[in-house]
Amino acid sequence: MVKFSEKLPKNFPLLRMRRNRMRTFSRKIVAENNLNVDNLIQPLFVTEGKNENTFIESMPGIKRHSIDSIVNEAKEIESLGIPAIAIFPNINNKLKDAIGSEALNENNIICKTIKAIKKECPNLGLICDVALDPYTDHGHDGIIHNNEVDNDETIKILCEQAIVQAKAGCDIIAPSDMMDGRVKKIRTALDSHNFINTIILAYSSKYASAFYGPFRNAVGSKINQSKISKNSYQMDPSNSREAMREIELDINEGADIILIKPAISYLDIIKSAYENYNVPIFAYQVSGEYSMIKAAANNNWVNEKDTVYESLISIKRAGATSILTYFAKSVAKNLKEGLYN
Ligand code: PBG
């Protein structure tokens, strides 16, 4: 046996980085970031029907709710301390058309849902997308003219959609359409209808992402117009400097909060946004990010609780103020039970 003979000085090494990590309490007091229920937003899906909640195949554990069921879900979410939800409609195919007319129906499912939830949970923040994809038969976020999604014509409809939703009681209007110039037009439209306190959460850097796949299945917004691609309005994943231009534009047009989406593959964008702009920055951990973790966890390939925590804390570390995540409810429960300690 070889004997190690060098005598190490007692104080070697002088600085031991492991000291702070050795005990639970010291890890806590040196932690630079924390997950807090205040910074979680739960996205929910709503559909026609009564007493229904069908599981979404592409998103294990996530349901499509009927209105009565989503109200109960909202109550539970509020009781867990989650401050806000984002509601997405699954529209009956019969109600879809080329211009997404149903989006402007003051009695559409989203408006009915907003009213029903507000009645039971007046203090729960409600976020609604402004975009036409759940309502168009071709699945695009706007209307099509001459084989392209027409920017300026689409914005006119989006302004009306924003007003319809604000009238129903929506607190935060979230344009997710990626049309140019829409934030300013929506702000002006809201103000002219006296919705001066309705917040605009702009999906500023929304990438053309394959990670939205399960969501399109959930809301039934699969693209049916193969000639046009969402690449013609959503951002190219190869670009980051362009994302800063998008964010700057939206801030200058009056966005109260900006959003980056997806999250995990775009941590660099969140970080740059944090370093460059003094606005609240939200990140959306999208359906594909959810389903990948869920699928692996359901196979016991990863530990769900720990993987989810790590993915969310990395989004916070990058600079996100709050996170839209399908895991919000389960994380809120785990936080309450102190399971992350
Ligand atoms: C569409 C919209 C999308 C998502 C939110 N709003 C998808 C798309 O652009 O097709 C995706 C959310 C998710 O994947 O969880 N306006």
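Residues numbered from 1 in each chain as written. Predicted model: local features only at pLDDT ≥ 70, side-chain atom pairs only at ≥ 80, totals over all residues. Heavy atoms only, no water.

Trainee: Quick question: what am I supposed to make of the overall build of the protein here?
Mentor: The helix and strand inventory of the protein stands at 11 helices and 12 strands. For a compact globule of 341 residues, the expected C-alpha radius of gyration is about 20 Å, and the protein comes in at 22 Å, within 12% of that figure. Principal-axis analysis of the C-alpha atoms gives the protein an extent of 80 × 45 × 40 Å. Counting all 341 residues of the protein, 52% fall into the buried class. For the protein, restricting intrachain contacts to residue pairs at least 6 apart in sequence, the fraction spanning at least 24 positions comes to 75%. Averaged over its 42 positive side-chain charges, the protein has a centre that lies 10 Å from the centre of its 41 negative ones. (Helix = DSSP H or I, 4+ residues; strand = E, 2+ residues; numbered from the N terminus. Rg over C-alpha atoms; globule rule 2.2 N^0.38 Å. Buried < 20%, exposed > 50% of the residue type's maximum accessible area, 1.4 Å probe, protein only. Contact = heavy atoms within 4.5 Å. Lys, Arg positive; Asp, Glu negative; His and termini not counted. Charge placed at Lys NZ, Arg CZ, Asp CG, Glu CD.)

Trainee: Even after reading the chapter, I still don't get the layout of surface pockets, so can you show me in this structure?
Mentor: By volume, the largest pocket amounts to about 670 Å³. In terms of lining, the largest pocket is formed by 20 residues, of which the most central are Arg27, Ala31, Asn33, Asn34 and Tyr309. Taken as a whole, the second largest pocket encloses approximately 310 Å³ of empty space. Around the second largest pocket sit 18 residues that line it, and Gly61, Ile62, Glu73, Tyr326 and Lys329 are the ones nearest its centre. At the level of secondary structure, the elements contributing two or more residues to the lining of the second largest pocket comprise β1 (40-47), β3 (63-65), α9 (287-298) and α11 (328-336). Here the residues of the lining of the second largest pocket sort into 8 nonpolar, 4 polar and 6 charged. (1 Å grid on protein atoms, 1.4 Å probe; cavity = no way out; pocket = protein on both sides within 12 Å on 5 of 7 lines; lining within 4 Å. Points joined across faces, edges and corners; volume = space filled by probe spheres on them. Nonpolar A, V, L, I, M, F, W, Y, C, P; charged D, E, K, R; others polar.)

Trainee: I'm lost on the nonpolar core in this one. Help?
Mentor: For soluble globular proteins, the rule of thumb is that nonpolar side chains tend to be buried together. Phe45, Ile85, Ile87, Ile117, Ile186, Ile260 and Tyr284 are the most contacted members of the largest nonpolar core, which has 107 residues in total. Considering each element in turn, this core owes the most residues, 9 residues, to helix α4 (residues 151-168). Leaving out residues up to four positions away in the same chain, isoleucine 260 has contacts with Ser205, Ile247, Tyr266, Ile269, Ile270, Ala273, Ile281, Phe282, Ala283 and Tyr284. (Core = buried A, V, L, I, M, F, W, Y, C linked by side-chain atoms within 4.5 Å.)

Trainee: What is the right way to look at the site of the ligand in this model?
Mentor: The local shell around the ligand holds 18 residues, among which Ser176, Arg216, Lys261, Ser287 and Tyr326 are the closest. Contact between the ligand and lysine 206: an oxygen atom at 2.9 Å from a side-chain N or O atom of the residue. Here an oxygen atom of the ligand sits 2.7 Å away from a polar atom, N or O, in the side chain of serine 287. Look at the ligand: alone it shows 410 Å² of surface, and the protein chains cover 100% of it. (Near = heavy atom within 4 Å. Polar contact = N/O pair within 3.5 Å; in protein donor to acceptor, adjacent residues only side chain to side chain. Areas by Shrake-Rupley, 256 points an atom, 1.4 Å probe, with all protein chains shown as cover.)

Trainee: What is the right way to look at a nonpolar patch on the surface in this model?
Mentor: Taken together, the side chains of Leu14, Leu15 and Met17 present a nonpolar region at the surface, about 380 Å² in accessible area. Position of methionine 17 relative to the elements: it lies in the segment before α1 (24-30). (Patch = residues over 30% accessible without salt bridge, like charges linked within 9 Å, V, L, I, M, F, W, Y side chains within 5 Å. Salt bridge = Lys/Arg side-chain N within 4 Å of Asp/Glu carboxyl O.)

Honestly, it's all geometry; don't read function into it.
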